[in-house]
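Structural overview
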Amino acid sequence: MRRREFIKLLSGAAAASPLTVRAQQQPMPVVGFLNAASPGPLRQQVAAFREGLKESDYVEGRNVAVEYRWAEGQYDRLPALVADLVRQQVSVIVSGGGAPAVLAAKAATTTIPIVFSLGADPVGLGVVASLNRPGGNITGVYQFTSGLEAKRLGLLHEMVPKATPIAVLVNPNFADAENQLRDVQEAAARLEVQLVIVRANAESDFDAAFSTLVRQRAGALLVCSSPFFNGRREQLVVLAARHAVPAIFEWRDFAAAGGLMSYGTSLADAYRQVGVYAG
């Protein structure tokens, strides 16, 4: 090899070397995905989250990794799950599936950015200082689902005007349950309809709840918003159909599963927006 060619080759290698070293020194960013629910019912939402990441030019497995942690309805697992993500020093924590997951993430770190998806009022829960200035290391998407129970009751009353009483299924463990019941009871007073309140926070409660509303001759059913109910939407739709009770739900996924009607924001779009913020 002639001397001039050798020097040219050597200078080319020297120019490429810092880029190679720099690439080796920059690990792939990791998103910690913490959710209080189970992965099965949220397949479409997870796909929407990935689409949101893609809008920020991040593709899972190519230039970003995602560590998924699912509590599968067992809220007592959340502190350990988020602590594991903090130990791994993930770049950002995405939290959803209900207030317990968001509160667990907020309690676990004040330095790692947190992006939440939440149906209950984040200001009322103490998650953020205000909607326009969340403060700290946390931001996210507020879906306004819990604040729509009165509207859902009104729509159900319009659909089945002679139905009385109307049953209301609420999850007493949901963070916004008391506000939900207050809003529904105030709306019922204005509409002059009677209510039958039934509660469920476990699958084993469903049969008893539906037996009660049938025994009370409820003419319609309002299923209040709750990540627990959303994770069991097919079961609830089947029970409502079996007992021939017209029902209204929060997400369109309930109607897609065979429910009569739904009224609420788009859960898939909320997860897509969370992906954008995380990106």
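Look up: the structure comes first, before these words.
Structural notes, computed from the coordinates. The shown structure was predicted, so the numbers you read here are calculated from the model rather than taken from an experiment. (Residues numbered from 1 in each chain as written. Predicted model: local features only at pLDDT ≥ 70, side-chain atom pairs only at ≥ 80, totals over all residues. Heavy atoms only, no water.)

**Side note on the packing of helix H5 (residues 149-159) against helix H6 (residues 177-191)**
- Two numbers describe how H5 lies on H6: the axes approach to 8 Å, and their chain directions differ by 40°. Here the hand of the crossing between H5 and H6 comes out right-handed. Across from Glu-149, Ala-150, Leu-153, Gly-154 and His-157 in H5, the residues of H6 making contact are Gln-180, Asp-183, Val-184, Ala-187, Ala-188, Arg-190 and Leu-191.
- When its residues are assigned to classes, the contact of H5 with H6 shows six nonpolar, three polar and three charged. (Axes fitted to C-alpha atoms, helices over the stretch in contact; angles between N-to-C directions. Helix = DSSP H or I, 4+ residues; strand = E, 2+ residues; numbered from the N terminus. Left-handed = near helix turned anticlockwise from the far one by under 90°. Contact = heavy atoms within 4.5 Å. Nonpolar A, V, L, I, M, F, W, Y, C, P; charged D, E, K, R; others polar.)

**Structural notes on the pattern of salt bridges**
- Inspection of the entire model under this criterion finds ten salt bridges.
- Between Glu-51 and Lys-54 there is a salt bridge, with the nearest N and O atoms lying 3.5 Å from each other. Within this pair, Glu-51 and its partner Lys-54 are both found in helix H2 (residues 43-55), separated by three residues, close to a single helical turn.
- On the basis of relative accessible area, Lys-54 is assigned to the partly exposed category, the value being 43%.
- For Arg-152, the salt bridge goes to Glu-149, with nearest N and O atoms at 2.9 Å. (Salt bridge = Lys/Arg side-chain N within 4 Å of Asp/Glu carboxyl O. Buried < 20%, exposed > 50% of the residue type's maximum accessible area, 1.4 Å probe, protein only.)

**Considering the pairing of strand E1 (residues 30-35)**
- Of all six residues in E1, five are buried; the element is thus mostly enclosed.
- With six bridges joining them, E1 and strand E2 (residues 65-70) adopt parallel strand pairing. Its bridge partner being in E2, Asn-35 is matched across the sheet by Trp-70.
- Following the chain from E1 across H2 to the adjacent parallel E2, one finds a crossover that is right-handed.
- With five bridges connecting them, E1 and strand E3 (residues 92-96) associate as parallel partners. (Pairing = 2+ DSSP bridges. Right-handed = clockwise from strand over helix to strand, strands pointing away.)

**Regarding the environment of Ala-209**
- Within the element layout of this structure, Ala-209 appears in helix H7 (residues 206-215).
- By relative accessible area, Ala-209 is classed as buried at 5%.

**Some thoughts on the sheet that holds strand E4 (residues 114-118)**
- Strand order in this open sheet of five strands is E2-E1-E3-E4-E5, and the pairing throughout is parallel. The strands lining the two open edges of the sheet, one partner per strand, are E2 and strand E5 (138-142). Looking at each pair of strands side by side, their axes are set apart by 20° on average, direction ignored.
- Where helix H4 (residues 99-108) meets the sheet, its contacts fall on E1, E3, E4 and E5, and the angle it forms with E4 comes to roughly 165°.
- Across the sheet, helix H11 (residues 267-278) is in contact with E1, E3, E4 and E5; its angle to E4 comes to roughly 170°.

None of the figures reported here should be taken as evidence of function without further support.
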